Amino acid sequence: GFVISSFVTMVLSSFGGHTNDWNELLAYVGAGISALFTTLLIISYICIPEVRTFFVKLLFYLAISDWFAAVSIFFVDNATHSRVLCYLQAGFQQFFSTASYLWMFAVAWTMYETVCHHNQYMWKYERMHHLLIWSVPTISTIVMFAIHDFIPIERMNGQWCWLSFGDHLWVVMLIYYLPMLMVLAVMVVLYIRTIVHLAMKLQTTLLYNEQRRTTSLRGGGDVDHSRSVVVAVEQQETSQRIYDNYTRYRTLQRELIVYVVCITLCKIWGIISSAQGILSQRHSPDEVVLVLYSLGSTLLGFVNTLLFFNSTILKRIRQSKFIARCRWCCDCC
């Protein structure tokens, strides 16, 4: 974090410009990237049946939330003073950002139950997911507009319209940041436990492979030739399955580690800015933190697509009939 903030400080001092302009620019960049990749995910899910598992369906709902949150960033800019657009942007941010965190938790819980407890019936919870994940943002958005006379909605620091912190940061923390932190904390714990479980599976796979190799070296000199050929083929097939499982576990583990690190880097700056506001009793955090917060928050939609564009699903996409038809059309042209 210190290295990143130092680098951003150097860039800001080198190129100059007002912090609000940088906040707006980076928010647009992050939102544009998130909108692009979530659009690709949504199109892939609709057009390619081969990827439609329940886990990917959850990622599809997550992408819809992230897409609306990203697109709403473009509703208002530093030159726009429309109260209607500002209120619309605040409503979209509150509703779809909250829904995004809850879908992220649903994805994390589904992966944890599937990988660690071998629960293959997580689809039974889909109705419960929809009931909770769409009702909670609805209530929080209604609360936000209900208290906007007490805490005004305005565009802050060139980022986006939302509740103005001012002297009421604790209220904002209670209705948004603290619940969000609790959800993110539990989500990260679930992913860490999944990663640890995969590490144990990797170790078990290696030990099992070593035991089979030792047993085969000790085995049978009195076995006839045909039997030895059958045993050799079975051992080769078993070794291949063990290698495939090892590769799959290792790849999933690495992809989850990258995802957790990226999520942390995206959200840590919002936590730091809130902590600075509480501890120092200032209305505005450091400029560097604000710039990183503008970029990290809007890049969250892109980071969530990393769970979809992994090696396994990309392989299914490449082998799908939709891609085959696209290649055939390109060859014809």
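Everything that follows concerns the structure shown earlier in this document.
To keep things clear, this report deals only with the structure shown in the data block.

Here the focus is the overall build of the protein chain. When you go through the protein chain residue by residue, the secondary structure sums to eleven helices and two strands. Counting from the amino terminus, the protein chain carries its helices and strands in the arrangement α-α-α-α-α-β-β-α-α-α-α-α-α. Evaluated residue by residue, the protein chain yields a buried proportion of 42% over its 333 residues. The contacts in the protein chain between residues at least 6 apart in sequence include a share of 76% that link residues at least 24 apart. In the form shown here, the protein chain has an accessible surface area of approximately 18200 Å², with 66% of it arising from carbon and sulfur atoms.

What follows covers the packing of helix 3 (residues 54-71) against helix 5 (residues 126-146). One way to put it is that helix 3 packs onto helix 5 with a least axis distance of 12 Å and a crossing angle of 15°. Regarding the angle of helix 3 to helix 5, the classification is roughly parallel. Between helix 3 and helix 5 the crossing geometry is right-handed. Here helix 3 contributes Phe54, Lys57, Leu58, Tyr61 and Ser65 to the contact with helix 5, which in turn contributes Glu126, His129, His130 and Trp134. When its residues are assigned to classes, the contact of helix 3 with helix 5 shows four nonpolar, three polar and two charged.

Among the structural elements, Ser140 can be located in helix 5. You can call Ser140 buried: its relative accessible area is 13%. Of the polar contacts made by the side chain of Ser140, one reaches the side chain of Gln94; its length is 3.2 Å. Those residues within four positions of Ser140 in sequence are excluded, and the remaining contacts are Gln94 and Thr98.

With respect to the secondary-structure elements, Thr38 resides in helix 2 (residues 19-47). As a C-alpha pair, Thr38 and Asp66 span 28 residues in sequence and 7.1 Å in three-dimensional space. Ignoring anything within four residues of it in the chain, the contact list for Thr38 reads Ala63, Asp66, Trp67, Gly301 and Thr305. Within the local environment of Thr38, its side chain forms a polar contact with the backbone oxygen of Ala35, the two atoms lying 3.1 Å apart.

What follows is about the state of the cysteines. Evaluation of the coordinates by the stated rule reveals one disulfide. There is a disulfide in this structure between Cys86 and Cys161, and the S-S distance comes to 2.1 Å. When the S-S torsion is -115°, as for the bridge of Cys86 with Cys161, the disulfide is left-handed. You can see Cys86 sitting in helix 4 (residues 83-117) and its partner Cys161 sitting in strand 2 (residues 161-163), a full 75 residues away along the chain. Judged on exposure class, the residue Cys86 and its partner Cys161 are both buried. Free of any disulfide, Cys266 has its nearest cysteine sulfur in Cys262, 6.7 Å distant.

Bringing helix 5 into the picture now. The end-to-end C-alpha separation of helix 5 is 30 Å, in line with the 30 Å expected for 21 residues at 1.5 Å each. Buried within helix 5 we find Glu126, His129, Ile133, Pro137, Ser140, Thr141 and Met144. Taken down its axis, helix 5 places every buried residue within 100° of arc, on the same side. Residues of helix 5 that are exposed and angled more than 90 degrees away from the buried face: Arg127, Leu131, Ile139, Ile142 and Ala146. Packing partners of the buried residues in helix 5 comprise helix 3, helix 4, strand 1 (153-155) and strand 2.

The next thing to look at is the pattern of salt bridges. All told, the structure shown has one salt bridge when counted by the stated rule. The shortest N-O distance in the salt bridge between Lys57 and Glu126 comes to 3.5 Å. Of this pair, Lys57 sits in helix 3 while Glu126 is found in helix 5, placing the two residues 69 residues apart along the sequence.

Once that is clear, we can look at the nonpolar core. Counting residues in each nonpolar core, the largest one holds 73 residues, and the members touching the most others are Trp103, Met104, Trp162, Tyr177, Tyr191 and Phe308. Each residue touching Trp103, except ones within four places of it in the same chain, is listed here: Leu58, Tyr61, Leu62, Ser65, His129, His130, Ile133 and Trp134.

A separate point is a nonpolar patch on the surface. A cluster of nonpolar residues, Tyr125, Met128, Leu131 and Leu132, forms a patch on the protein surface that exposes about 380 Å² of accessible area. Summarising the element assignment, Leu131 is placed in helix 5. Using a relative accessible area of 60% as the deciding quantity, one classes Leu131 as exposed.

One pass over the full model with this rule turns up 19 aromatic pairs. Consider the rings of Trp67 and Phe68, whose centres lie 5.0 Å apart with planes at 90°: the pair is edge-to-face. A relative accessible area of 29% means that Trp67 is categorised as partly exposed. You can call Phe68 partly exposed: its relative accessible area is 31%. Taking the centre distance of 6.1 Å and the plane angle of 25° together, the rings of Tyr87 and Phe145 count as stacked. Residue Tyr87 is found in helix 4, and its partner Phe145 is found in helix 5; the two are separated by 58 residues along the sequence. Take Tyr87: its relative accessible area is 24%, and that puts it in the partly exposed class. Among the aromatic residues, those joined into a cluster by ring pairs are Tyr45, Phe60, Tyr61, Trp67, Phe68, Phe75, Phe92, Phe95, Phe96, Trp103 and Trp134.

About the cut-offs
Residues numbered from 1 in each chain as written. Predicted model: local features only at pLDDT ≥ 70, side-chain atom pairs only at ≥ 80, totals over all residues. Heavy atoms only, no water. Helix = DSSP H or I, 4+ residues; strand = E, 2+ residues; numbered from the N terminus. Buried < 20%, exposed > 50% of the residue type's maximum accessible area, 1.4 Å probe, protein only. Contact = heavy atoms within 4.5 Å. Areas by Shrake-Rupley, 256 points an atom, 1.4 Å probe, with all protein chains shown as cover. Axes fitted to C-alpha atoms, helices over the stretch in contact; angles between N-to-C directions. Parallel < 35°, antiparallel > 145°, perpendicular 65-115°, else oblique. Left-handed = near helix turned anticlockwise from the far one by under 90°. Nonpolar A, V, L, I, M, F, W, Y, C, P; charged D, E, K, R; others polar. Polar contact = N/O pair within 3.5 Å; in protein donor to acceptor, adjacent residues only side chain to side chain. Disulfide = S-S within 2.5 Å. Expected span 1.5 Å × (residues − 1). Arc of directions from axis to C-beta. Salt bridge = Lys/Arg side-chain N within 4 Å of Asp/Glu carboxyl O. Core = buried A, V, L, I, M, F, W, Y, C linked by side-chain atoms within 4.5 Å. Patch = residues over 30% accessible without salt bridge, like charges linked within 9 Å, V, L, I, M, F, W, Y side chains within 5 Å. Phe/Tyr/Trp six-rings, centres within 6.5 Å; stacked < 30°, edge-to-face > 60°.

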